[in-house]
Amino acid sequence: MEEERIETTMSNLPPEILRQIVSLIPLKEAVRTSTLSTSWKGLWTPFQVKFNSDPNQITSHTDDEASKKINPIVGLLSKSSSSPELWRFSLQMEKTQKPLFFSAAKGGGGGEELHLDFLAKKNEVQSNFNLVFDPTPGISNFSSIKTLHLVSVNTIAEDLVSTLFSSCRFLERLKLEKCSGIQSIDIKASDSLKSFQVVVCEELESIAISAPNLKSLWYRGALPLIQINGCPNLVDVVLDLREGFGRSEFDCEDVLNLLSSLKDAEILKISGWLLEWLCAAGVVFERLQFRFNKLKELSWFDALMNQRKRDSLACFLHMSPHLEILFVKIDQNLSSIPCPYFHQYWHEPHLWMDYETVMSQACQLQHLKLIQLEGFTNEEDDQLMMLMNLLLRQSVALKSMTVISPEKESRRVTKIPKSQLKQTSACNPKRTVISSPNEDYCFGLIEDGNNFLRL
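We now turn to the structure provided with this report. Only a predicted model underlies this, so the values are computations on that prediction, with no experimental measurement involved.

### A few points about the sheet that holds strand β13 (residues 225–228)
The strand order β6-β9-β11-β13 describes an open sheet built from four strands, whose pairing is parallel. In this open sheet, the two strands that pair with only one neighbour each are β6 (129–133) and β13. With strand direction ignored, the average angle separating the axes of adjacent strands in the sheet is 10 degrees. Here strand β11 (residues 206–210) runs beside β13; their pairing, made up of four bridges, is parallel. Counterpart to Ile207 in the pairing with β13 is Ile226. The sheet contacts of helix α7 (residues 158–167) involve β6 and β9 (182–188), and relative to β6 the element is tilted by about 10 degrees.

What follows is the structure, encoded as structure tokens:
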């Protein structure tokens, strides 16, 4: 009742106050306020704008006040505003082409965010094209824009999008989403760009990026060729390759060049199948010329766990001597990416060594303090126990290991003196005992009602 009264009171505020409120919150959350009531929805009535082939001949379906804001497209979107605005555009690029329809939302603190959605139609075949982002010196029509989010960019919008980016000289965050026709992305960014995200661009074959102050790179989709040059400040990387391998041939050198360019990352989230494929294709991690010496947090995820995936993860840990936090997650919503047969004479030794040999040669992780293992099914219990045993032997300074079932039930690993083993068995019959190289104690896996970290 109290919440309803607060919501009703806010909805009765003057439009000027409501606009001031939504101008102070991120654009994504601001747009959601349109569902609260008709008062909030009224703030998001879009300006309907149609551009003919001659940009000076513009027709508008807005009221008189809105018509004063209608200018050629770049000028219109670059105008600063103290409150969020929403447009729907129809742009005739050439007489021979279909009109380009897209929506634009601009908002955030001081109009710092610009979202463009090019309204892709379901099952519409997209022509392939390449997207080049290269800021033009001296042009800064969008000097206030810090975040640019592009959805469903198509070949008709290619030049428009590139021009908009060229005008965003102080852009800090760029996101491309569901741009199915893009084959390549080439970014030469200014010193301002700090975050770049690509989400589900199905036809993408290559990404080339040069951004001296880029700190965060997030990619989700099939593995393309990714070339990173001149990004010395990159510290947070996500390689979510749940769609598998996108090109015709898997090239270890291309992937190793990518990993080498990420060697200074502090946080890395990576699909487990990629490490498995590298090991199976002949890569010996210990013999590489680079290490992840700055890596503090590693998140490994896959659809399942087996011996090859477990051992390839163990091999990769050899390259991360200063790792402090490890997340391993089995996500049953993902599809398994089967490893092909590689014609290699020499493989990562761990892939054909027996488990005891792998255990005896495991490196010591001097800084690893927290481990979380999530999503292992009953069928994967053996793999879970072997992985836990391996990690417990490697982790010298471990403070916490948590195991979370697919049902989100949490269990924690505790050190149990062998002298108290019978006593603890009587007190906690649901405890699982794990062996230890130390003669004085073993490890127990017991139910834990405490909160836990999630991937």
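### Some remarks on helix α8 (residues 252–261)
Residues of α8 that are buried include every one of Cys252, Val255, Leu256, Leu258 and Leu259, and no others. When α8 is viewed along its axis, its buried side chains cluster within an angular range of 155 degrees and face the same direction. The exposed set on the far side of α8, more than 90 degrees from its buried face, consists of Glu253 and Asn257. Those residues of α8 that are buried lie in contact with β13, β14 (236–240), β15 (267–271) and α9 (272–280). Between the side-chain oxygen of the N-cap and the backbone nitrogen of Glu253 there are 2.9 Å, and the N-cap of α8 in question is Asp251.

### Quick word on the pattern of salt bridges
Pairing between side chains of opposite charge can happen when their charged atoms approach one another. The tally for this structure, following the rule as stated, stands at ten salt bridges. Residue Glu276 pairs with Lys309 through a salt bridge whose shortest N-O separation is 2.7 Å. You can see Glu276 sitting in helix α9 and its partner Lys309 sitting in helix α10 (residues 307–317), a full 33 residues away along the chain. Assessed through its relative accessible area of 4%, Glu276 is described here as buried. The class of Lys309 is buried, set by a relative accessible area of 2%. The partner of Glu374 in a salt bridge is Lys408, with the nearest N and O atoms 2.3 Å apart.

### Thoughts on a negative patch on the surface
There is a patch of like negative charges on the surface, built from Glu202, Glu203, Glu205 and Glu243. Along the chain, the position of Glu205 falls in the loop between β10 (195–199) and β11. The class for Glu205 is partly exposed, based on a relative accessible area of 41%.

### What about the pairing of strand β7 (residues 147–151)?
For β7, the tally of buried residues reaches five of five residues, placing the bulk of the element in the interior. Of the two faces of β7, the one holding Thr147, His149 and Val151 and the one holding Leu148 and Leu150 are both buried throughout. Inspection of the sheet shows strand β5 (residues 113–117) paired to β7 by five bridges, in the parallel sense. Note on β7: the bridge partner recorded for Leu114 is Leu148.

### With respect to the packing of aromatic side chains
Going through the model one piece at a time under the given rule, you end up with seven aromatic pairs. On the numbers, 6.2 Å between centres and 50 degrees between planes, the contact of Phe245 with Trp277 is tilted. Highlighted residues: Phe245 in the loop between β14 and α8 and Trp277 in helix α9, separated in sequence by 32 residues. Just as Phe245 is buried, Trp277 falls in that class too. Pairwise contacts between aromatic rings join Phe245, Phe250, Trp273 and Trp277 into one cluster.

### A word on the packing of α9 against α10
Direction vectors running N to C along α9 and α10 enclose 85 degrees, while the axes themselves pass 8 Å from each other. It follows from the interaxial angle that α9 and α10 lie roughly perpendicular. Residues Trp273, Leu275, Glu276, Cys279 and Ala280 of α9 form the contact with α10, whose participating residues are Arg308, Lys309, Ser312, Cys315 and Phe316. Partitioned by chemical class, the residues of the contact of α9 with α10 number six nonpolar, one polar and three charged.

What counts and what doesn't
Residues numbered from 1 in each chain as written. Predicted model: local features only at pLDDT ≥ 70, side-chain atom pairs only at ≥ 80, totals over all residues. Heavy atoms only, no water. Pairing = 2+ DSSP bridges. Helix = DSSP H or I, 4+ residues; strand = E, 2+ residues; numbered from the N terminus. Axes fitted to C-alpha atoms, helices over the stretch in contact; angles between N-to-C directions. Contact = heavy atoms within 4.5 Å. Buried < 20%, exposed > 50% of the residue type's maximum accessible area, 1.4 Å probe, protein only. Arc of directions from axis to C-beta. Polar contact = N/O pair within 3.5 Å; in protein donor to acceptor, adjacent residues only side chain to side chain. Salt bridge = Lys/Arg side-chain N within 4 Å of Asp/Glu carboxyl O. Patch = residues over 30% accessible without salt bridge, like charges linked within 9 Å, V, L, I, M, F, W, Y side chains within 5 Å. Areas by Shrake-Rupley, 256 points an atom, 1.4 Å probe, with all protein chains shown as cover. Lys, Arg positive; Asp, Glu negative; His and termini not counted. Charge placed at Lys NZ, Arg CZ, Asp CG, Glu CD. Phe/Tyr/Trp six-rings, centres within 6.5 Å; stacked < 30°, edge-to-face > 60°. Parallel < 35°, antiparallel > 145°, perpendicular 65-115°, else oblique. Nonpolar A, V, L, I, M, F, W, Y, C, P; charged D, E, K, R; others polar.

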